[in-house]
Amino acid sequence: MSIKNFFEVGPVRSFEPDTESIVFISYRRTICDKLMARKCVEILKEVDRLDYWLDEDDKCMQHAQAQNDDIKTALCIERGLDASSALLGIIGPGTFTSPWIPYEIGGARGRQRYAQPFKETPPLDQPHPLIAHLIHEVDISKVPAFVSLGIPLTTSEEVEKWAHSVADILQKKHQGVPLYEAKSIQDNHGIQDIYEKNSRLLKPTPLY
């Protein structure tokens, strides 16, 4: 699929669920995380029916960052999230020293009408099927437990499996897929096994 510049067409655009399957890529702009984000782009481009949103490929974001304007940057992020049905976060060394990563992850989780195409809300103790985080170059036991609110991934092969499950889930979005069917789709790609393997390695959440 060709790279789309969502904001050249105007401030408002209708994204049909059966034709637009966009993965928002969230990452910190370090050299290491940029390279990993690009690797994920290449994986997503090989998955039929998926496209992606990446700040470096969006003219709105380019203009905002060239002007060093945080308000415009935030607005570009909001529009990118509005256009997206899924989120892939890149988590590496120093990720959470950036205020933008939690902002983007929280924004994706809060957009249930975009990131959650099911008739019911996923249980709070279950990972969201359309949100994942690729953990690289960092000890997974040092990563905050809230990452398990999505699917923790540690290899490019796991990213590819998750991407295929996302494409299959979003293909059925227009049918009003119940949540249990999304879980079945994930199971077909081995996502539940990946989740169980990686989530138990994350840093425990302290009780207050």
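The rules behind these values
- Residues numbered from 1 in each chain as written.
- Predicted model: local features only at pLDDT ≥ 70, side-chain atom pairs only at ≥ 80, totals over all residues.
- Heavy atoms only, no water.
- Buried < 20%, exposed > 50% of the residue type's maximum accessible area, 1.4 Å probe, protein only.
- Helix = DSSP H or I, 4+ residues; strand = E, 2+ residues; numbered from the N terminus.
- Pairing = 2+ DSSP bridges.
- Core = buried A, V, L, I, M, F, W, Y, C linked by side-chain atoms within 4.5 Å.
- Axes fitted to C-alpha atoms, helices over the stretch in contact; angles between N-to-C directions.
- Disulfide = S-S within 2.5 Å.
- Phe/Tyr/Trp six-rings, centres within 6.5 Å; stacked < 30°, edge-to-face > 60°.
- Expected span 1.5 Å × (residues − 1).
- Arc of directions from axis to C-beta.
- Contact = heavy atoms within 4.5 Å.

A. Structural view of the pairing of strand β4 (residues 131-135). Among the five residues in β4, five count as buried, and that is most of the element. Along β4, one buried face is formed by Ile131, His133 and Ile135 and the opposite face, lined by Ala132 and Leu134, is buried too. Where β4 meets strand β5 (residues 151-153), three bridges bridge the pair, whose relative direction is parallel. Looking at the pairing, Leu134 lines up with Leu153 of β5.

B. Representation of the nonpolar core within the structure. Counting 33 residues, the largest nonpolar core has Ile25, Leu50, Leu88, Ile90, Leu134, Leu153 and Trp162 as the members making the most contacts within it. When contributions to this core are tallied by element, the ones reaching two or more residues are β1 (22-26), α1 (31-45), β3 (86-91), β4, β5, α6 (156-171), α7 (179-188) and α8 (191-199). The element contributing the most residues to this core is α6, with seven residues. If you look at the next biggest cluster of nonpolar residues, it comprises 14 residues, including Phe24, Met61, Cys76 and Ile131.

C. Seen up close, the sheet that holds strand β2 (residues 51-53). In spatial order, the strands read β2-β1-β3-β4-β5; together these five strands make up an open sheet with parallel pairing. Strand pairing shows two members of the sheet lacking a second neighbour, β2 and β5, which therefore form its edges. Here the average twist between neighbouring strands, direction ignored, is 25°. Note that β1 and β2 share three bridges and pair parallel. Bridging across to β2, Ile22 finds its partner in Asp51.

D. Here's a closer look at unusual backbone geometry. Not every positive phi belongs to a glycine, and Arg49 is a case in point at roughly 80°. Relative to the assigned elements, Arg49 resides in the loop between α1 and β2. With a phi close to 55°, Asn68 is a non-glycine residue in the positive phi region. Along the chain, Asn68 turns up in the loop between α2 (59-66) and α3 (70-83). Taking relative accessible area as the criterion, Asn68 reaches 66% and is therefore assigned exposed.

E. Quick look at the state of the cysteines. A complete count under the given rule lists one disulfide for this structure. The disulfide bridge from Cys60 ends at Cys76, spanning 2.1 Å between sulfur atoms. Classification of the bridge connecting Cys60 and Cys76 rests on its S-S torsion, roughly -85°, and on that basis the disulfide is left-handed. Taken together, the positions of Cys60 in helix α2 and Cys76 in helix α3 put the pair 16 residues apart, joining distant regions of the chain.

F. Broad picture of the packing of aromatic side chains. In this structure the tally under the stated criterion is three aromatic pairs. Ring geometry for Phe96 and Phe146: centres 5.6 Å apart, planes at 70°, overall edge-to-face. With Phe96 in the loop between β3 and α4 (100-110) and Phe146 in the loop between β4 and β5, the pair connects residues that are 50 residues apart, well separated along the chain. Given a relative accessible area of 31%, Phe96 falls into the partly exposed group. Classification of Phe146 as partly exposed rests on a relative accessible area of 35%. Relative to Tyr103, the ring of Trp100 has its centre 5.8 Å away and its plane inclined at 85°; by these criteria the two rings are edge-to-face. Residue Trp100 and its partner Tyr103 are both found in helix α4; the two are separated by three residues, about one turn of the helix.

G. Quick peek at α1. In this model, α1 (15 residues) spans 21 Å end to end at C-alpha, consistent with the 21 Å of a helix rising 1.5 Å per residue. Every buried residue of α1 is accounted for by Asp33, Met36, Ala37, Cys40, Val41, Ile43 and Leu44. One side of α1 holds all its buried residues, which, seen down the axis, span an arc of 160°. Exposed residues lying more than 90 degrees from the buried face of α1 are Ile31, Leu35 and Lys39. Its buried side turned inward, α1 meets β1, β2, β3, β4 and α6.

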